Amino acid sequence: MSAMLRTVNRVLLALAGFVLLVLGGSVLAVGLGASPPSWWIHDGRHDVLLSAADRVQWRDEGWFWPVVIAVLAVLLLLSLWWLSAQLRRRRLAEVLVETGDGEGAQLRGVAMENVLAAEAETLDGVERAHAVLTGRRSRPQARVDAVLAPHAAPADVLHDLSTQPVTHARDAAGLASLPTTVRLRARKHHAERVN
């Protein structure tokens with residue numbers, strides 16, 4: 001997602017939140033006894049959103065209220081999905097590499113992830129590795145998930161990961177730092193039989 005789209009997304013989200021907060025707060029204030037202005041949608045404390053005439057108009061239609069409830073439920077689910085999509089951390093598409101001439105270059109995030117994972121898999125005690133870059137183009141962060149072999153010592157693997165693949169990736173991209181979270185998992189294996 002580009003910076004422009006992120007900005008528009010945040011502005012629209014803030015605007016929608018502000019409108020909903022003002023409307024909800026004003027309805028609550030009127031419900032608690034505050035006097036509304038003459039042009040407001042509520043006349044007083046005992047006013048309702050849907051008048052008796054509006055409710056009676058649809059009384060004979062058996063499909064109306066189930067459809068209204070279904071539409072509101074779908075809107076709620078879509079809103080929750082959208083909110084979770086906004087909060088989810090996305091992978092970094094590219095990393096800004098300092099070339100020293102003031103121009104800079106862009107390194108594809110997937111390429112850096114693949115190299116980081118491939119180099120991690122060459123370490124003694126690591127069977128499989130997966131790397132993901134998050135953060136900003138100029139200040140990326142890495143997450144490495146490694147599956148350990150049965151004979152591996154986690155402390156040694158962690159030390160090797162931080163001194164070899166992570167250091168190489170940081171130096172190759174010309175970054176001052178590359179904060180990395182490492183998750184180590186042991187491979188499940190069956191007990192060996194002894195005769």
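Relevant structure appears above.
Residues numbered from 1 in each chain as written. Predicted model: local features only at pLDDT ≥ 70, side-chain atom pairs only at ≥ 80, totals over all residues. Heavy atoms only, no water.

(A) Layout of the sheet that holds strand β3 (residues 126-135). The three strands lie next to each other as β3-β4-β5, forming an open sheet whose pairing is mixed. Each edge of the sheet is formed by a strand with only one pairing partner; in this case those strands are β3 and β5 (180-186). Taking the axes of each pair of neighbouring strands and ignoring which way they run, one obtains an average angle of 15 degrees across the sheet. Direction of pairing for β3 relative to strand β4 (residues 140-148): antiparallel, over a ladder of nine bridges. (Pairing = 2+ DSSP bridges. Helix = DSSP H or I, 4+ residues; strand = E, 2+ residues; numbered from the N terminus. Axes fitted to C-alpha atoms, helices over the stretch in contact; angles between N-to-C directions.)

(B) Summary view of the nonpolar core. Within the largest apolar cluster, 24 residues are counted, with the highest numbers of intra-cluster contacts made by Val 95, Met 112, Leu 116 and Leu 178. Of all the secondary structure elements, the ones that give two or more residues to this core are β1 (94-97), α4 (109-121), β3, β4, α5 (154-163) and α6 (165-172). Among all residues touching Val 95, those that are not within four sequence positions of it are Ala 105, Gln 106, Leu 107, Met 112, Leu 133, Arg 137, Pro 140, Ala 173 and Leu 175. (Core = buried A, V, L, I, M, F, W, Y, C linked by side-chain atoms within 4.5 Å. Buried < 20%, exposed > 50% of the residue type's maximum accessible area, 1.4 Å probe, protein only. Contact = heavy atoms within 4.5 Å.)

(C) Just the packing of α5 against α6, in detail. Packing of α5 against α6 leaves a shortest axis separation of 3 Å and a crossing angle of 10 degrees. Comparing the axis directions of α5 and α6 gives the class roughly parallel. Contact residues: Asp 160, Leu 161, Ser 162 and Thr 163 in α5; Pro 165, Val 166 and Thr 167 in α6. Here the contact of α5 with α6 is composed, by residue class, of three nonpolar, three polar and one charged. (Parallel < 35°, antiparallel > 145°, perpendicular 65-115°, else oblique. Nonpolar A, V, L, I, M, F, W, Y, C, P; charged D, E, K, R; others polar.)

(D) The arrangement of the pattern of salt bridges in detail. Across all of its chains, the model carries four salt bridges by this definition. With a shortest N-O distance of 3.8 Å, Asp 145 and Arg 143 are connected by a salt bridge. A residue is classified by how much of its surface remains accessible, and Asp 145, at 18% relative accessible area, is buried. In this structure, Arg 170 engages Asp 171 in a salt bridge whose closest nitrogen and oxygen atoms are separated by 3.3 Å. On the accessibility criterion, Asp 171 (49% relative accessible area) is partly exposed. Each of Arg 143, Asp 145 and Arg 183 takes part in salt bridges that share partners, so that together they form one network. (Salt bridge = Lys/Arg side-chain N within 4 Å of Asp/Glu carboxyl O.)

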